[in-house]
Amino acid sequence: MQDERQPRPDEERHEFREEAESLWRITLAPVAWVAHFVTSYGIVALVCAKAPGLLGMTRGGLGLATLLALAVIAWLGWRAWRQWDYRTTGDYTNARGEAEDRHQFLGHAAVLLALISAIGVVYGALPVLLLETCR
Amino acid sequence: MTTRLKQTDGQRKLRDVEIVMKTSMAGKSRRPISAEPGRPRARLAPLVALALLAGCDGRQSVLAPAGADARVLDSLFWVMLTGAVILWLLVNGLFFYVMRINRGAMSRRFADGLIIGGGVIFPTVVLGALLAWGLSIMPDQRAPGEGLTLRVTGEQWWWRVEYWPEGADTPIVAANEIRLPAGQRSEILLNAGRVIHSFWIPALGGKMDMFPGRETRMSLKPERAGNWRGQCAEFCGASHALMAFEVVAMPPDDFDSWLQAQAAPATPPGDAAAQRGARIFAREGCGACHAVRGTEARGAVGPDLTHVGSRLSLGAGTLGTTLEDFETWIAHTGAIKPEVEMPGYDHLTTADLADLAQYLKGLE
Ligand SMILES: [Cu+2]
């Protein structure tokens, strides 16, 4: 019979993979911000240079892209919030270097990155929404 | 006429400043010439006063807006400045409060609230609001013109200016001076010869860079008739600081008759001195670089001189327009404007210079 407290053979590897993934995950919100920015900038420059007539449609499309980016960031932020687990643990910081702490710290960092990315996306969208012409 | 009088006044003031500067500089090694000896502060006072006054007379000041666009920028500036001062007082007041007045520990909740509310939410909202406001006034800054188009090319170190009234298919060529109809928005297309310059009339609006081979545009709407000064605002070489220009906004009717006069060929030289001057102009080959419409002179290297006598400055805002200024410019060009493309004609006799000046001054 296997002892309950013995780690299952692949448990460590499993856990490590999850942490590695969560390291990737904290970059996803900024990536959404970058994608939104580059798309807006590039498409508006292109449309204004080649087909100013399509600007109205472009702005509508970029408005939708903004909503999409914000939705993605909100979802990532929500998952990170759960990973941080501030509500149940009450740990604002995670100073000890145990696996659980690392896990929650990465969640914490991801929440902050999602927040700043959301602000970045909103600021980036303002010119598209407020500037009505190519001037 | 009144603007011209005002201008000579301004120019005289400018020269006075230069003289004061020269005397005070000379005073460093020799004895001061004009002020009482032994009292350096008394010597400096008029200099400082003049420097301050020059900043205040509003001929080249963003704080004395006289154009629709400059007015918007002015209010933007004051709102930002006021906001910054208030924020500075708040932040430092808070510092002072927690470090000197109430040094007790504050609750975790309050501290978190302060950091998140005052450090994250408040700046995000304020910056967002400023961004939205700035963006909402940006397109107006570059509104399309209402008829007249100017084409200005930045050269080293002067301004090639073309006026294209609505529907015109050839321009009216001038230089080193911008005239605009007051109360109307004029379109201004900007280009550059060899290096980047920047076109700026602080009293009327924001600045815009001029690039070789790439046209940029702006538009300006002076609110009233008046006389201001513009300046190149992008370093462009040895005489960059001497690349300025006079700006005159005129009542639309006056502007139209002025433009009509500019379109006409040069007035033939009147008296004997001017006629001699015209011959010297031809003999010295000035026409290789300068155009005087209606004569053989067709050069395009330097400013069009067809109506140079009616301009408010010489050498792109560098000298006044007295006969003496003309002579000084022609004889000592490089000394007045370092590295200028026009050779100095200091080999000409005083009599020849006087005749040339008489001729050019007569080209009204
Ligand atoms: Cu310049």
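A. The arrangement of the overall build of chain A in detail. Regarding its fold elements, chain A presents four helices and zero strands. Going from the N terminus to the C terminus, chain A shows its helices and strands as α-α-α-α. Taken against the 2.2 N^0.38 rule, which gives 14 Å for 135 residues, the C-alpha radius of gyration of chain A at 21 Å runs more than 25% over that of a compact globule. Dimensions of chain A along its principal axes, counting C-alpha atoms only, are 75 × 30 × 20 Å. By the burial criterion, 27% of the 135 residues in chain A qualify as buried. In chain A, 71% of the contacts between residues at least 6 apart in sequence involve partners at least 24 apart. Of the roughly 9,400 Å² that chain A leaves accessible, carbon and sulfur atoms contribute 65%. Side-chain charges in chain A split into 13 positive and 15 negative, and the spacing between the mean points of these groups amounts to 12 Å.

B. How the structure looks around the overall build of chain B. Summing up its helical and strand segments, chain B has nine helices and 10 strands in all. Out of the 364 residues in chain B, the part that is buried amounts to 41%. A total of about 19,500 Å² of accessible surface is found on chain B, and carbon and sulfur atoms cover 63% of it.

C. Quick look at the coordination of the copper ion. Residues and elements named next belong to chain B. Around the copper ion, the protein supplies His197 (ND1), Cys232 (SG), Cys236 (SG) and Met243 (SD) as donor atoms, at distances of 2.1 to 2.6 Å. In this structure, the copper ion is surrounded by four donor atoms whose angles at the metal cover 93 to 123°, and the resulting shape is tetrahedral. Along the chain, the residues that donate to the copper ion are spaced as H-x34-C-x3-C-x6-M. In this pair, His197 sits in strand E6 (residues 197-200) while Met243 sits in the loop between strand E9 (226-232) and strand E10 (244-250), placing the two residues 46 residues apart along the sequence. No difference in accessibility class separates His197 from Met243, as the two residues are buried.

D. Here's a closer look at the packing of aromatic side chains. Residue and element names in this part refer to chain A. Scanning all chains against the criterion turns up 10 aromatic pairs over all chains. For the pair Phe37 and Tyr41, a centre-to-centre distance of 5.5 Å together with 50° between the ring planes defines the contact as tilted. With Phe37 and Tyr41 both in helix H1 (residues 11-50), this residue pair falls four residues apart, about one helical turn. For Tyr41, a relative accessible area of 60% gives the class exposed.

E. Geometry of the state of the cysteines. Within the structure shown, the criterion is met by one disulfide over all chains. A disulfide bridge connects Cys48(A) with Cys134(A), and the sulfur atoms are separated by 2.0 Å. Residues Cys48(A) and Cys134(A) share a disulfide whose torsion about the S-S bond is about -90°; that sign makes it left-handed. Highlighted residues: Cys48(A) in helix H1 and Cys134(A) in the segment after helix H4 (99-130), separated in sequence by 86 residues. Classification of Cys48(A) as partly exposed rests on a relative accessible area of 23%. We classify Cys134(A) as partly exposed; its relative accessible area is 36%. Unpaired in this structure, Cys289(B) has its nearest cysteine sulfur neighbour in Cys286(B), at a distance of 8.6 Å. Overall, Cys289(B) belongs to the partly exposed group, its relative accessible area being 30%.

F. View of the nonpolar core. Residues and elements named next belong to chain B. Membership of the largest hydrophobic core comes to 40 residues, with the highest contact counts inside it found for Leu150, Val152, Trp159, Tyr163 and Phe199. Taken domain by domain, this core gets at least three of its residues from each of domain 1 (1-23 + 251-364) and domain 2 (149-245). The next biggest cluster of nonpolar side chains, apart from the first, holds 25 residues, and it includes Ala266, Phe326, Leu348 and Leu356.

G. View of the pattern of salt bridges. All names here are of chain B. Throughout the structure, instances matching the rule amount to 12 salt bridges over all chains. One salt bridge in this structure joins Arg217 and Glu187, with 2.6 Å as the shortest N-O distance. With Arg217 in strand E8 (residues 216-220) and Glu187 in strand E5 (residues 186-192), the pair connects residues that are 30 residues apart, well separated along the chain. Summarising the burial analysis for this pair, Arg217 and Glu187 share the class buried. Each of the salt bridges in this network shares a partner with another, and the network as a whole consists of Arg283, Glu284 and Asp352.

H. Structural view of the sheet that holds strand E1 (residues 149-154) of chain B. All names here are of chain B. Ordered by their spatial adjacency, five strands build an open sheet running E3-E2-E1-E5-E8, and the pairing between neighbours is mixed. Edge positions in the sheet fall to strand E3 (172-175) and E8, since each of these pairs with one other strand and no more. Each neighbouring strand pair of the sheet contributes to a mean axis angle of 25°, computed without reference to strand direction. Where E1 lies against E5, six bridges are found, and the strand directions are parallel. Counted as the bridge partner of Leu150 is Ile188 from E5. Contacts between helix H5 (residues 252-263) and the sheet are confined to strand E2 (159-164) and E3, with E3 contributing the most and set at about 95° to the helix.

I. Spatial organisation of empty space enclosed by the protein. All names here are of chain B. Under the defined criterion, the tally for this structure stands at two cavities of 30 Å³ or more. Looking at the largest cavity, its volume works out to about 50 Å³. If you go around the largest cavity, the residues you meet are Tyr163, Ala174, Ala175, Glu177, Trp258, Gln262, His307, Ser310 and Arg311. Elements with a minimum of two residues in the lining of the largest cavity: E3 and H5. The residue makeup of the lining of the largest cavity, split by class, is four nonpolar, three polar and two charged.

Definitions and limits used
Residues numbered from 1 in each chain as written. Chains lettered and ligands numbered in written order. Predicted model: local features only at pLDDT ≥ 70, side-chain atom pairs only at ≥ 80, totals over all residues. Heavy atoms only, no water. Helix = DSSP H or I, 4+ residues; strand = E, 2+ residues; numbered from the N terminus. Rg over C-alpha atoms; globule rule 2.2 N^0.38 Å. Buried < 20%, exposed > 50% of the residue type's maximum accessible area, 1.4 Å probe, protein only. Contact = heavy atoms within 4.5 Å. Areas by Shrake-Rupley, 256 points an atom, 1.4 Å probe, with all protein chains shown as cover. Lys, Arg positive; Asp, Glu negative; His and termini not counted. Charge placed at Lys NZ, Arg CZ, Asp CG, Glu CD. Donors = N, O, S within 2.8 Å, 3.2 Å for Na, K, Ca; no water. Tetrahedral: all angles 85-135°; square planar, octahedral: opposite > 155°, others 65-115°. Phe/Tyr/Trp six-rings, centres within 6.5 Å; stacked < 30°, edge-to-face > 60°. Disulfide = S-S within 2.5 Å. Core = buried A, V, L, I, M, F, W, Y, C linked by side-chain atoms within 4.5 Å. Domains from an automatic or database assignment. Salt bridge = Lys/Arg side-chain N within 4 Å of Asp/Glu carboxyl O. Pairing = 2+ DSSP bridges. Axes fitted to C-alpha atoms, helices over the stretch in contact; angles between N-to-C directions. 1 Å grid on protein atoms, 1.4 Å probe; cavity = no way out; pocket = protein on both sides within 12 Å on 5 of 7 lines; lining within 4 Å. Points joined across faces, edges and corners; volume = space filled by probe spheres on them. Nonpolar A, V, L, I, M, F, W, Y, C, P; charged D, E, K, R; others polar.

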